[in-house]
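Structure assessment
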Amino acid sequence: PKTNQYTGFEVDVAREIARAIFGEPDRVDFRATTTKSRIPMVKEEIVDMALATITMTPERAQEVDFSAVYFVTGPAVGMLKDVAQKVKQLEDLAGKTIAVTKGSVYEKVMKEKVPSIRIALIDTHAEILQAIQTRRVDGVVTDETNVLSMIRHDPNLVVAIPVFPPVSKYGAAIKKGRTDLVEFVNGIVRDVKASGRWKEIYSANIGGKVPEPPPAE
């Protein structure tokens, strides 16, 4: 059911951070963001940290500090069922129009893997879903967790190509120089993994077979 509440794996991780700081998991001021605006919002101190499917890259690490890794995933291709029937491997995307979010690492990744692919840069995954449904694009390349989320909203979508390299490691992005906050968040991430809470959050938000939590790096 639709609610006005923020939900999701990272939302629950943020609530565990709030629980550790304030003793209350709901004492979080969530701010909506896009792939492109996540890092600037941290640097400009609009938010204290960003937990927003941010893949840790050397380039981004020059702009912000990252916490320990709290999630590992990888890119997958999502498409409508009838379109996906003709797609079995990345090479089958040649000449097709594939959406990625603006600022995503996958624009570069896909151009390297399939040089003839057409990339449509779109702000949000919600807008990408609409573009797929109206057939303005043939599909999407994003983290598998995002594809699965889209499928929950529209069962006509499927994973056309499952996870392929490169692996994406998520960490909380924190403004450079806030070493104490980074170390504090690292401790919470470590505790969430060790206590079994990580698996509970995974099961509640993603479902399926629950993996072991990822290592810190």
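What you see is a predicted model, and the numbers here were worked out from it, not measured in a lab.

Examined against the element boundaries, Phe-22 turns out to sit in helix H1 (residues 9-22). Separated by 39 residues in sequence, Phe-22 and Ala-61 place their C-alpha atoms 28 Å apart.

Here we come to the pairing of strand S7 (residues 139-143). Side chains on a regular strand alternate between the two faces of the sheet. Where burial is concerned, most of S7 is hidden: five out of the five residues are buried. Sheet topology places strand S4 (residues 75-80) next to S7; four bridges connect them, and they run antiparallel. The partner of Pro-75 across the bridge, within S7, is Asp-143.

This part covers the pattern of salt bridges. Under the criterion given, the structure shown has 14 salt bridges. Its salt-bridge partner being Asp-29, residue Arg-31 comes within 3.0 Å of it at the nearest N-O pair. On the accessibility criterion, Arg-31 (44% relative accessible area) is partly exposed. Between Arg-178 and Asp-48 there is a salt bridge whose closest N-O contact spans 3.1 Å. Of this pair, Arg-178 sits in the loop between strand S10 (173-175) and helix H8 (179-195) while Asp-48 sits in the loop between helix H2 (38-43) and strand S1 (49-50), and the two are 130 residues apart along the sequence. Residue Arg-178 is classed as partly exposed on the basis of its relative accessible area of 31%. On the basis of relative accessible area, Asp-48 is assigned to the partly exposed category, the value being 48%. Several salt bridges converge on common partners, so that one network encompasses Glu-16, Arg-19, Arg-197 and Glu-200.

Time to look at the sheet that holds strand S2 (residues 64-66). For sheets, the rule is that strands pair by backbone hydrogen bonds, running either parallel or antiparallel. If you trace the three strands from one edge of the open sheet to the other, you get S1-S10-S2, paired in antiparallel fashion. Pairing within the sheet leaves two strands with one partner each, and these edge strands are S1 and S2. The sheet contact formed by S1 and S10 spans two bridges and is antiparallel. Residue pairing across strands places Ala-50 opposite Ala-173, the latter belonging to S10.

With that out of the way, let us pick up the nonpolar core. For soluble globular proteins, nonpolar side chains are generally found buried alongside one another. By size, the foremost hydrophobic cluster in this structure holds 30 residues, and its most contacted members are Val-77, Met-79, Leu-90, Leu-93, Met-110 and Val-141. Only S4, helix H4 (81-84), strand S5 (97-101), helix H5 (106-113), strand S6 (118-122), helix H6 (125-133), S7 and strand S8 (157-161) provide two or more residues apiece to this core. Setting aside chain neighbours within four positions, we find Leu-93 in contact with Val-77, Met-79, Val-87, Ile-98, Met-110, Val-114, Ile-117 and Ile-161. Among the nonpolar cores identified, the runner-up in size contains 19 residues, and Val-13, Ile-17, Met-49 and Leu-51 belong to it.

So, about the sheet that holds S7. Pairing within the open sheet is mixed, and its five strands lie in the order S6-S5-S7-S4-S8. In this open sheet, the two strands that pair with only one neighbour each are S6 and S8. Adjacent strand axes in the sheet meet at a mean angle of 35 degrees, parallel and antiparallel pairs treated alike. Bridge analysis of S5 against S7 gives two bridges, and the strand direction is parallel. When the bridges of S7 are listed, Ile-98 appears paired with Gly-139. Across the sheet, helix H7 (residues 144-153) touches S4, S7 and S8, and the angle it forms with S7 is around 130 degrees.

So, how was this worked out
Residues numbered from 1 in each chain as written. Predicted model: local features only at pLDDT ≥ 70, side-chain atom pairs only at ≥ 80, totals over all residues. Heavy atoms only, no water. Helix = DSSP H or I, 4+ residues; strand = E, 2+ residues; numbered from the N terminus. Buried < 20%, exposed > 50% of the residue type's maximum accessible area, 1.4 Å probe, protein only. Pairing = 2+ DSSP bridges. Salt bridge = Lys/Arg side-chain N within 4 Å of Asp/Glu carboxyl O. Core = buried A, V, L, I, M, F, W, Y, C linked by side-chain atoms within 4.5 Å. Contact = heavy atoms within 4.5 Å. Axes fitted to C-alpha atoms, helices over the stretch in contact; angles between N-to-C directions.

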